[in-house]
Amino acid sequence: MGDYIVLAISCIFVNNILLAQFLGNCPFLGTSKKMETATGMAMAVVFVLVLAGIITWLTNAFILKPFNLEYLRTISFILVIASLVQFVEMFLKKSMPALYAGLGIFLPLITTNCAVMGACLINIKEDYTFIETVISSFSYAVGFGLALILFAGVRERILLARVPKPLQDTSIGLITAGIIAMAFFAFKGMV
Amino acid sequence: MAKSITQEFVKGLWAEIPPFRLVLGLCPVLAVTKTVENGIGMGLATTFVLVCSNILVSMLRSVIPPKIRIACFIIIIATFVTVVELLMQAFTYPLFLKLGIFIPLIVVNCIVLGRAEAFAFKNSVVPSTADGFGIGVGFTLSLAAIGLVRELIGTGALFGVSIFGAGYQPFAFMVEAPGAFICLGLMLCIMNLVGNK
């Protein structure tokens, strides 16, 4: 049990997927201008990443490994993730319209979110067991959401500040992200 | 065809240079630019995928049904990424290990998909090749430039050869994660300063 808690903490803070592993930076900068969109994106990522982690693990263990097809991992994972996202979108639209209204526009974006694909590849690379995969996928997603929401909070404040012209928009966004990354950097060595 | 092939190529080098002008595909830019060598390796791998997928997409553009074009693009791109992955594993194994999961992640690099959608699907083979090559070279140059700054300041060396001499105290912050963000942000600021004159 203790191992699982350590794994979760290391995935959320120490190896934070956004700020330490550099995965999923496009949506990080793209959807962080408003708190609302940031929360929506964070929720959508938690939802999809856990499902994708489970399904890619099963694909790898029961299809790719027994038939020695590991070189097809990239192509099969991206197809699995893309169809999963499509399926989740249709399912939510039909059965949970309220949740769909909240996550709707973010779901298609997730296919090209490298945080999802990246986390799935890391799970396989680290040889996690099924339970570890579930925990790490969930923790990576929580870490992603945490960093995204923190960043959106700071960015909303920057809107009120007078930023020099060449630094505006993406430039100041990246520097802000660097400072938040510094805060996360302090967790290094904790686990 | 309004623009010549040279123009299509050149626009990737300054006017639309990723990731500075087109803020896409940031993940590899931040993650693999600890050294110049890694940056160039990543840039070349991406260029290969970009050129090949642009060629194939533009050749097949009359066959691909518009409704499922994104799925088709992704399959084409994933195929070439697998090719690059296997080639690098065979010929440049140490570099393959250093770049790690960022090679398979070229699949989800928005630049590649973005060029297929925005350019190759609407243009014939020759301009698409030039476009892919131009954007690819621009991307490689950017990665090399960021790698240069980070490696030089962070370790005081280039390609493992000491530049500033033994007395230099390396500013290790630059090769760590937060340094990547701040370095890219400042370089973007300089680009804006120079470009808006």
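Conventions we followed
Residue numbering note: each chain is counted from 1, following its sequence as written. Naming scheme: in the order in which they are written, chains are lettered from A and ligands are numbered from 1. With pLDDT at 70 or above as the cut-off, local features in this predicted model cover only qualifying residues; side-chain atom pairs require 80 or more to be listed or tallied, and sums for whole chains, interfaces and linings still use all residues. Hydrogens and water molecules were not included; the side-chain quantities draw on all heavy atoms of the structure. Contacts are assigned to residue pairs that have any heavy atoms within 4.5 Å of one another. Accessible surface is computed with a 1.4 Å probe, and the buried area is the amount of it that two parts give up when combined, taken over both parts together. In what follows, salt bridge is the name for a side-chain nitrogen of Lys or Arg lying within 4 Å of a carboxyl oxygen of Asp or Glu. Where helices and strands are cited, they refer to DSSP runs of H or I of at least four residues and of E of at least two residues respectively, numbered from the N terminus. Patch members must show over 30% relative accessible area and no salt bridge, and they are joined within 9 Å when carrying like charges or within 5 Å when they are nonpolar side chains of Val, Leu, Ile, Met, Phe, Trp or Tyr. To measure how exposed things are, a 1.4 Å probe is used in the Shrake-Rupley method; for residues, cover is taken only from the protein chains shown. For every residue, the accessible area obtained with a 1.4 Å probe (protein chains only) is divided by the maximum for its type, and the residue is called buried under 20%, exposed over 50%, and partly exposed between those limits. For this analysis, a polar contact is any N or O atom pair within 3.5 Å, provided that within protein one partner can donate a hydrogen and the other can accept it, and provided that sequence-adjacent residues contribute only side-chain to side-chain pairs. Any two of the Phe, Tyr and Trp rings considered here, Trp counted by its six-membered ring, make a pair once their centres fall within 6.5 Å; the pair's planes then place it as stacked at under 30 degrees, edge-to-face at over 60, or tilted in between. Axes, fitted as lines to C-alpha atoms, cover a helix only where it is in contact. Angles between the N-to-C directions of the axes lie from 0 to 180 degrees. Put simply, angles under 35 degrees are roughly parallel, angles over 145 are roughly antiparallel, angles from 65 to 115 are roughly perpendicular, and the rest are oblique. What makes a crossing left-handed is the near helix being turned counterclockwise from the far one by less than a right angle; a clockwise turn instead makes it right-handed. When residues are sorted by character, Ala, Val, Leu, Ile, Met, Phe, Trp, Tyr, Cys and Pro go into the nonpolar class, Asp, Glu, Lys and Arg into the charged class, and all the rest, Gly among them, into the polar class.

A. Focus on the interface of chain B and chain A. Facing the 36 residues of chain B at the interface are 36 residues of chain A. Roughly 3,100 Å² of surface becomes buried between chain B and chain A when both sides are summed, with 84% attributable to carbon and sulfur atoms. Of all residues in chain B, Ile101, Val108 and Phe181 of chain B give up the largest surface area on contact with chain A, accounting jointly for 22% of the area buried on that side. Where chain B touches chain A, the interface holds 1 salt bridge. The shortest N-O distance in the salt bridge between Lys188 of chain A and Glu176 of chain B comes to 3.7 Å.

B. Fine view of the environment of Ala42 of chain A. Residue and element names in this part refer to chain A. Structurally, the position occupied by Ala42 is in helix α3 (residues 35-64). Taking the C-alpha atoms as reference points, Ala42 and Val142, 100 residues apart in sequence, are found 7.9 Å from one another. Setting aside its immediate chain neighbours within four residues, Ala42 contacts Gly145, Leu148 and Ile149.

C. Fine view of a nonpolar patch on the surface. Residues and elements named next belong to chain A. There is a patch of nonpolar side chains on the surface, built from Met43, Phe47, Leu51, Phe87, Met90, Phe91, Met96 and Leu99 and spanning about 740 Å² of accessible area. Sorting the residues of the nonpolar patch by element identifies α3 and α4 (73-95) as the ones contributing at least two each. Inspection of the secondary structure puts Phe47 in helix α3.

D. Region of interest: helix α6 (residues 110-120) of chain B. Within α6 of chain B, 8 of the 11 residues are buried, leaving the element largely enclosed by the surrounding structure. Among the residues of α6 of chain B, those classed as buried are Cys110, Ile111, Val112, Leu113, Arg115, Ala116, Phe119 and Ala120 of chain B. Its buried side turned inward, α6 of chain B meets α2 (25-30) of chain A together with α1 (5-11), α3 (36-59), α4 (69-91) and α7 (125-155) of chain B. Where α6 of chain B begins, the side chain of Asn109 of chain B points an oxygen toward the backbone nitrogen of Ile111 of chain B, at a separation of 3.0 Å.

E. A look at the packing of aromatic side chains. Counted under the stated rule, the structure contains 9 aromatic pairs over all chains. Ring centres of Phe13 of chain A and Phe187 of chain A lie 4.6 Å apart, and the angle between their planes is 35 degrees; on these two criteria the pair is classed as tilted. One end of the pair, Phe13 of chain A, is in helix α1 (residues 2-14); the other, Phe187 of chain A, is in the segment after α9 (170-185), with 174 residues separating them in the sequence. Judged by its relative accessible area of 26%, Phe187 of chain A is partly exposed. Aromatic pair Phe73 of chain B and Phe121 of chain B: ring centres 5.4 Å apart, planes at 75 degrees, arrangement edge-to-face. Highlighted residues: Phe73 of chain B in helix α4 and Phe121 of chain B in the loop between α6 and α7, separated in sequence by 48 residues. Residues Phe73 of chain B and Phe121 of chain B agree in their burial class; the two are buried. Aromatic rings pair up to connect Phe13, Phe184 and Phe187 of chain A into one cluster.

F. Just the environment of Ile5 of chain B, in detail. Residues and elements named next belong to chain B. Relative to the helices and strands, Ile5 resides in helix α1. By relative accessible area, which is 41% here, Ile5 ends up partly exposed. A C-alpha to C-alpha distance of 9.0 Å links Ile5 and Thr129, two positions 124 residues apart in sequence. Dropping the residues within four chain positions of it, Ile5 is found in contact with Val126 and Ala130.

G. Here's a closer look at the packing of α3 of chain A against helix α8 (residues 130-158) of chain A. Residue and element names in this part refer to chain A. Where α3 meets α8, the closest approach of the two axes is 9 Å, and the angle between their N-to-C directions is 165 degrees. Between α3 and α8, the angle is such that the two are roughly antiparallel. Considering the relative orientation of α3 and α8, their crossing is right-handed. Considered class by class, the residues forming the contact of α3 with α8 number 21 nonpolar, 6 polar and 1 charged.

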